[in-house]
Amino acid sequence: MFDPATIYPPYHRERRSVAQTYLPTLKQLQYLVALNDAGHFGRAAEACFVTQSTLSAGIRELETLIGVVLVERTRRVVRFTPLGERIVEKARRVLREADELGDLARAAGRPLSGEMRMSVIPTIAPFLLPRILPRLRQQYPDLKLYLREETSGQACEALSHGRTDCVLLALPFSCGDVESARLFDDRLFVAFRDGEMDPTPAIHPDAIDETRLLMLEDGHCLKDHALAACNRPEMRAEATMLGTSLHTMVQMVDNGLGVTMLPEMAVDAGILEHTSVTARPLDAANASRHIALVWRKASPRERDFRLLADVLAAART
């Protein structure tokens, strides 16, 4: 009786080997990366919109599949093994490439359509987004823009790891290997309670009492932009870094606790309304920050990002 296996045994052995090869799923890799980011099963499950048991089971299935332990579990600590850390980095690249498969398809379709994830820093989001979102909805109704508000460092890390597609950022700021489109310049203002300073048309850095300067906490690039513009090294040592938001800073100034720095977009948006706080432009050589949209180099959606940058810049005027 004719038996093909006796004639083509290598072919049949190769086919069985391929059929028996099992690869991790994207979902399992997503769970693993989320756990690495969160350091906690519950928070990782929330980030993935699944139950903790589902996420835990998915990671155990992945460990069983590859035959090694990736995560050491105790009641209080989640610790990745050295091999687990290496696999997480590989998983990030795989997930980013998978996202770009969808980006390629979207880039070939209608401009600014489908899903897009944009991170926006807190010193921009509440002042610029209300102006730009209505225009985006009107001009590009097929765009589903998901927004994340996070500090500059967090946003750039999310961009590098593929958790976000683009970032609305204030430059200068080191954000890794990115492309950028500069939108507009945003001047810096000195804000003070009425009567505390001479309300001249502009305030020179030398007129600022560094012991009464209130600034945002570390992690907010506005603080670095303002201190660099003043070019007074003693300010960095003497200024009080405790504000969590610009609105909080204004309230502290209004209560006589000191003076602060504000971006022009916040002043234009009415952040000083119903207060006794006055704001005047900072009279310095580099008294502005540069608002830009940044994205990963070689992204297949570069055309979309540049078009979005045009819309954002137009909404400012």
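Residues numbered from 1 in each chain as written. Predicted model: local features only at pLDDT ≥ 70, side-chain atom pairs only at ≥ 80, totals over all residues. Heavy atoms only, no water.

1. Concerning the packing of helix α3 (residues 26-38) against helix α4 (residues 41-48)
Argument step 1. Close contact between α3 and α4 brings their axes to 8 Å; oriented N to C, the two are set at 125 degrees. Looking at the two axes, α3 sits oblique to α4. Crossing hand, α3 versus α4: right-handed. Here Gln30, Tyr31, Ala34, Leu35 and Ala38 of α3 lie close against α4, whose contacting residues are Phe41, Arg43, Ala44 and Cys48.
Argument step 2. Taken together, the residues of the contact of α3 with α4 break down into 7 nonpolar, 1 polar and 1 charged. (Axes fitted to C-alpha atoms, helices over the stretch in contact; angles between N-to-C directions. Helix = DSSP H or I, 4+ residues; strand = E, 2+ residues; numbered from the N terminus. Parallel < 35°, antiparallel > 145°, perpendicular 65-115°, else oblique. Left-handed = near helix turned anticlockwise from the far one by under 90°. Contact = heavy atoms within 4.5 Å. Nonpolar A, V, L, I, M, F, W, Y, C, P; charged D, E, K, R; others polar.)

2. What about the nonpolar core?
Argument step 1. Leu168, Ile208, Leu282, Leu293 and Leu308 are the most contacted members of the largest nonpolar core, which totals 74 residues.
Argument step 2. Apart from the residues lying within four places of it in its own chain, the contact partners of Leu168 are Met118, Ser119, Val120, Ile121, Ile124, Leu128, Leu183, Ile291, Ala292, Leu293 and Leu312.
Argument step 3. Formed by 18 residues, the second largest nonpolar core is a distinct cluster that contains Val33, Leu35, Ala44 and Leu95. (Core = buried A, V, L, I, M, F, W, Y, C linked by side-chain atoms within 4.5 Å. Buried < 20%, exposed > 50% of the residue type's maximum accessible area, 1.4 Å probe, protein only.)

3. Quick look at the pairing of strand β9 (residues 259-263)
Argument step 1. Across the 5 residues of β9, 5 count as buried, placing the element largely inside the fold.
Argument step 2. Burial of the side chains of β9 extends over both faces: Val259, Met261 and Pro263 are buried on one face and Thr260 and Leu262 on the other.
Argument step 3. Bridge count between strand β6 (residues 178-193) and β9: 4 bridges; the pairing is antiparallel. Bridged to Phe189 within β9 is Leu262.
Argument step 4. In terms of strand pairing, strand β7 (residues 213-216) meets β9 through 2 bridges, oriented parallel. Looking at β9, one finds that Leu213 is bridged to Val259. (Pairing = 2+ DSSP bridges.)

4. Points about unusual backbone geometry
Argument step 1. The linkage connecting Leu171 with the following residue, Pro172, adopts the cis geometry, with an omega of 5 degrees.
Argument step 2. The residue Pro172 is located in the loop between β5 (166-171) and β6 in this model.
Argument step 3. One non-glycine residue with positive phi stands out, namely Phe49, at about 60 degrees.
Argument step 4. The topology assignment puts Phe49 in the loop between α4 and α5 (52-66).
Argument step 5. Even without being glycine, Asn231 reaches a positive phi, approximately 55 degrees.
Argument step 6. Inspection of the secondary structure puts Asn231 in the loop between α9 (221-230) and α10 (233-238).

5. Looking at the pairing of strand β4 (residues 143-149)
Argument step 1. As defined by bridge partners, strand β3 (residues 114-120) adjoins β4 across 7 bridges and the pair is classed as parallel. Following the sheet pairing, Met118 is matched in β4 by Leu147.

6. Re the state of the cysteines
Argument step 1. Summed over all chains, the structure comprises 1 disulfide.
Argument step 2. Linked covalently through their sulfurs, Cys156 and Cys175 form a disulfide whose S-S length is 1.9 Å. Between Cys156 and Cys175 the sulfur-sulfur dihedral comes to about -115 degrees; the bridge is accordingly left-handed. Of this pair, Cys156 sits in helix α8 (residues 152-160) while Cys175 is found in the loop between β5 and β6, placing the two residues 19 residues apart along the sequence.
Argument step 3. Cysteine Cys166 is unpaired, with the sulfur of Cys175 as its nearest cysteine sulfur at 11 Å.
Argument step 4. Owing to a relative accessible area of 0%, Cys166 belongs among the buried residues under this scheme.
Argument step 5. The cysteine Cys221 is free of any disulfide, with Cys156 supplying the nearest cysteine sulfur at 8.8 Å. (Disulfide = S-S within 2.5 Å.)

7. A few points about the confidence of the model for the chain
Argument step 1. Averaged over all residues, the pLDDT of the chain is 86; the fraction at 70 or higher stands at 90%.
Argument step 2. Helix α2 (residues 9-19) is the least confidently modelled element of the chain, averaging 42 in pLDDT, while strand β10 (residues 277-281) averages 96, the highest of any element.
Argument step 3. Between residues 1-20, whose pLDDT stays under 50, and residues either more than four places distant or in other chains, the model counts 3 contacts. (pLDDT = per-residue confidence, 0-100.)

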